[in-house]
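# Structural features, examined
Chain by chain, the residues:
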Amino acid sequence: MSGLLKKVNWMTLVVPLVSVFLGLLCGALIMLAGGYNPLLAYGSIIQSIFLQPYYAGETIRAMIPLVLAGLAVAFAFRTGLFNIGVEGQLMAGWLASVACAIELDGLPRIILLPLSIIAGAVVGGLWGYLPGLLKARFKVHEVISTIMMNYISLYATAYIIKNFLYTEGERTPTIPASASLASNFLANITQGSRLHWGFIVAIIGVILMWLILWKTTMGYELRSVGFSPDASKYAGMNVGRNIILSMAISGAFAGLAGAMEGLGTYQYMTINSAFTGIGFNGIAVALLGMNTPVGVVLAAALFAGLQTGGLTMQSVAGVPVELIQIVIALIIFFIGSSYVIKWALLRFSGRGRN
Amino acid sequence: MSFYEVLTIIIPSTLLTAAPLIFTSLGGVFSEKSGVVNIGLEGLMWVGAFTGAVATLTLEHAGMGQASPWIAILIAGVAGGIFSLIHAVVSISFRADQTVSGVALNFLASGLTIYLVKMIYNGQGQTPYITNNIDKISIPVLHNIPIIGPIFFQQVTYTSYIAILASFAVWYLLFKTPFGLRLRAVGEHPAAADTLGISVIKMRYIGVILSGVFGGIGGAVYLVTITSNFNISTIAGQGFLALAAMIFGKWHPIGAMLGSLFFGFAQALSITSQQIPYLDRLPSVIMLIAPYVLTLIVLTGFVGRAEAPKADGVPYIKGQR
């Protein structure tokens, strides 16, 4: 039994590591094929995010929504649900938090800031609740319904901004300082990056996910439904209710990610004609993080670092920044193919034959 | 403006926007009928549009003139087919979660195409404009038919009618030939099909590759008839719209075609509604979100149950029940 556990743990760690390595390796081959210098490219990423305070700050800044989006996807995964709708829930939450901050301007900071953050979580949660309800009541597959909800969110938020919260520059007005997460102190120590207090919200989010899923009865039920809906139903759990709950909490995490962008990074919301990409990156983060809170943080750190450092890579090594997206896509493919990676590793380590 | 004049604006515009959706949604039908969920249609359209742009530009440069966009569409079909092989290998042979693989395919497509554009065109984020696009024309003879002619056969492109004919061809292929029966069998009950000697893996590969070919064609048609150049916002959600049209059409080729026409109609209305009396008072956002809301309603089963193929999304592992 202990031998079995050892093997499982070893495997769960090895697959993400091998996937990241293969993803970066393929990225290097693509760069070589295009006549670029991969060592210079990867070197410039590492150099910028570890040695330049501005890029270090921007990496942590980029991690904040990425961690929360990753938690959103991972949370739903634990109940056996694939929430592709993080992107839409994030935008809904972003708009809600910004709108709340602007409309209730004048309230003291101690009330307005938490209220705006909660507004983002609640509206994001509602945006996740609906696909959950459709799944529980009408058996509508959540992958399809959340994709549809993404586009409804994209167009609806643009419409609301244009007609009710519009200011010059195709965006909402800037939120009042009393609702802002931005910090001169954090900006100063990172040479003017946009790092903000939202990282505390992200840390709370990580702890919250772990507490809910592994330390409460509710979390036990959610995970149980994820393992086997039929067995859970037989044990007397309300599967439909758990599906709705999981999607709503997942959406709330996504809404929080949006609130961090609205109250922290940008201080407003622009009229988006395309998605932010954070939600889709959240899927990659959750998969690489094996749907665990700590894994999500590590994966978010990797992807945020690659994306922030990618800008330096473009200017130093001349490699288009899109290479980073290619590497992330390849990592998802390798993670998805874990069956083959495990098979190959067992084969090569010689254990597959017995 | 009379109602008749309104129709002469909206119908040609509907046909134009629907053509890429029809091709791509037919691709979706192939893949999903064989039992492989294809969220990657969006990415396949990216690849198709990118290939369409680069191929047209190259052929123009080589002096092919008017034929360039047509040849480019075919090349894009091949490129889409090759690109979809990644989805096929990962989700069929490597047994990855098909949704995960589809998401990664979209990621890879948007990253890779823009990366290549920047490499080919010296760091610019977009291709030059093609000069030989497929123009709106009046179809000879047919446009002289009174009443119907000006509505359906003026200011239209051939691609729209090719797309509609293709949907009938796909219907015939899927429902009237042994090949179609086998493809549907591995999507409904792969174990039974396997028992009867049909290679589940082979049929699913064919389904996914065909979805790539059609998705690639759809993306290229979008490029040569509508946008004329390729950049990061060229295919903004068209593939997901095609996915919705396929579901709206209940996984049936003719249904997918009608769904695409309907979504094309909604898009046409959202673009042209400002010129049309009464409709100009309606917020355009209603037309923009209508396809997605309607798809959700269809899925809830209020207007007839939409059933996916039984084994859609389930990797086939020999000997496992």
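Criteria and thresholds
- Residues numbered from 1 in each chain as written.
- Chains lettered and ligands numbered in written order.
- Predicted model: local features only at pLDDT ≥ 70, side-chain atom pairs only at ≥ 80, totals over all residues.
- Heavy atoms only, no water.
- UniProt positions renumbered as here; feature names shortened; annotations may be inferred.
- Helix = DSSP H or I, 4+ residues; strand = E, 2+ residues; numbered from the N terminus.
- Contact = heavy atoms within 4.5 Å.
- Buried area = accessible area lost by both parts, 1.4 Å probe.
- Polar contact = N/O pair within 3.5 Å; in protein donor to acceptor, adjacent residues only side chain to side chain.
- Nonpolar A, V, L, I, M, F, W, Y, C, P; charged D, E, K, R; others polar.
- Expected span 1.5 Å × (residues − 1).
- Phe/Tyr/Trp six-rings, centres within 6.5 Å; stacked < 30°, edge-to-face > 60°.
- Buried < 20%, exposed > 50% of the residue type's maximum accessible area, 1.4 Å probe, protein only.
- Lys NZ or Arg CZ within 6 Å of the ring centre and 35° of its normal.
- Salt bridge = Lys/Arg side-chain N within 4 Å of Asp/Glu carboxyl O.
- 1 Å grid on protein atoms, 1.4 Å probe; cavity = no way out; pocket = protein on both sides within 12 Å on 5 of 7 lines; lining within 4 Å.
- Points joined across faces, edges and corners; volume = space filled by probe spheres on them.
- Patch = residues over 30% accessible without salt bridge, like charges linked within 9 Å, V, L, I, M, F, W, Y side chains within 5 Å.
- Areas by Shrake-Rupley, 256 points an atom, 1.4 Å probe, with all protein chains shown as cover.

Using the residue numbers shown here, the UniProt feature "transmembrane region" (unreviewed entry) corresponds to residues 12-33, 63-86, 106-130, 142-161, 195-214, 243-260 and 323-345 of chain A. End C-alpha to end C-alpha, residues 243-260 of chain A measures 26 Å, and it is 100% helix and 0% strand.

Counting residues at the interface gives 42 residues for chain A, matched by 40 residues for chain B. Of the roughly 3,700 Å² buried at the junction of chain A and chain B (both faces included), carbon and sulfur atoms supply 81%. Per-residue buried area on chain A facing chain B is highest for Met148, Tyr151 and Phe333 of chain A; these three make up 18% of the total on that side. Taken together, the links from chain A to chain B amount to four residue pairs in polar contact (both at pLDDT 80 or more). Of all elements in the fold, only helix 1 (2-33), helix 5 (109-138), helix 6 (142-164), helix 12 (278-288), helix 14 (322-336) and helix 15 (338-348) of chain A reach the threshold of two or more residues within the side of chain A that touches chain B. Sorting elements by how many residues they give to the side of chain A that touches chain B places helix 6 of chain A first, with 11 residues. Here the side of chain A that touches chain B is built from residues that sort into 33 nonpolar, seven polar and two charged.

What follows covers helix 5 of chain A. Over its 30 residues, helix 5 of chain A runs 43 Å from end to end, which matches the ideal 44 Å to within 8%, given 1.5 Å per residue. Positive phi appears at Lys139 of chain A, one or two residues downstream of helix 5 of chain A, with a value of about 60°.

Residue and element names in this part refer to chain B. UniProt annotation of "transmembrane region" (unreviewed entry) refers to residues 6-31, 43-64, 70-90, 102-121, 158-175, 205-224, 256-276 and 282-303 when read in the numbering used here. Helix makes up 86% of residues 43-64 and strand 0%. Its end C-alpha atoms lie 28 Å apart. Secondary structure within residues 102-121 divides into 95% helix and 0% strand; the distance between the first and last C-alpha atoms comes to 28 Å.

Here the focus is the packing of aromatic side chains. For the coordinates displayed, the defined rule picks out 21 aromatic pairs over all chains. A ring pair is formed by Phe75 of chain A and Phe253 of chain A, whose centres lie 5.9 Å apart and whose planes are at 50°; its orientation type is tilted. A residue pair is termed long-range when its members are at least 10 positions apart, and Phe75 of chain A in helix 3 (residues 53-78) and Phe253 of chain A in helix 11 (residues 239-265) qualify at 178 residues. Given the relative accessible area of 3%, Phe253 of chain A is considered buried. Between Tyr151 of chain A and Tyr292 of chain B, the ring centres sit 5.0 Å apart and the planes meet at 15°, which makes this aromatic pair stacked. Taken together, the residues span two chains, with Tyr151 of chain A in helix 6 and Tyr292 of chain B in helix 12 (residues 284-300). Residue class for Tyr292 of chain B comes out buried when judged on its relative accessible area of 3%. Its guanidinium or amino end placed over the ring of Tyr268 of chain A, Arg171 of chain A lies 4.0 Å from that ring's centre, counting from NZ or CZ.

The subject of this paragraph is the pattern of salt bridges. The full count for this structure, using the stated rule, is five salt bridges over all chains. When the shortest N-O distance is used, the salt bridge between Lys135 of chain A and Glu142 of chain A registers 2.8 Å. A relative accessible area of 22% means that Lys135 of chain A is categorised as partly exposed. Looking at Glu142 of chain A, the relative accessible area reads 3%, which means it is buried. Lys318 of chain B is the partner of Asp194 of chain B in a salt bridge, and the nearest nitrogen-oxygen pair spans 3.0 Å. Placement of Asp194 of chain B in helix 8 (residues 190-195) and of Lys318 of chain B in the segment after helix 12 is noted, with a sequence separation of 124 residues between them. We classify Asp194 of chain B as buried; its relative accessible area is 18%. Residues joined in a network through salt bridges with shared partners are Glu58, Arg61 and Arg194 of chain A.

Right, let's get into empty space enclosed by the protein. Residue and element names in this part refer to chain B. Across all of its chains, the model carries one cavity of 30 Å³ or more by this definition. The computed volume of the largest cavity comes to approximately 30 Å³. Contributing to the lining of the largest cavity are Ser91, Ile92, Gln98, Ile201, Arg204, Pro315 and Tyr316. Of all the secondary structure elements, the ones that give two or more residues to the lining of the largest cavity are helix 3 (68-93) and helix 9 (200-227).

A word on helix 12 of chain A. With 11 of 11 residues buried, helix 12 of chain A lies mostly within the body of the structure. Taken together, the buried positions of helix 12 of chain A are occupied by Ile278, Gly279, Phe280, Asn281, Gly282, Ile283, Ala284, Val285, Ala286, Leu287 and Leu288 of chain A.

Quick look at a nonpolar patch on the surface now. All names here are of chain A. Judged by side-chain polarity, Phe185, Ile189, Trp197, Ile200, Ile203, Ile204, Ile207, Leu208, Trp210 and Leu211 come together as a nonpolar surface patch covering roughly 940 Å² of accessible area. Elements that contribute at least two residues to the nonpolar patch include exactly helix 7 (184-189) and helix 8 (198-215). A per-element tally of the nonpolar patch places helix 8 first, with seven residues. For Ile203, a relative accessible area of 47% puts it in the partly exposed group.

Turning to unusual backbone geometry, a few remarks are in order. Of note in the backbone geometry, Gln191 of chain A takes a positive phi value of approximately 55° without being a glycine. Looking at the secondary structure, you find Gln191 of chain A in the loop between helix 7 and helix 8. Its relative accessible area of 54% is what places Gln191 of chain A among the exposed residues. Phi is positive for Val141 of chain B, close to 65°, though the residue is something other than glycine.

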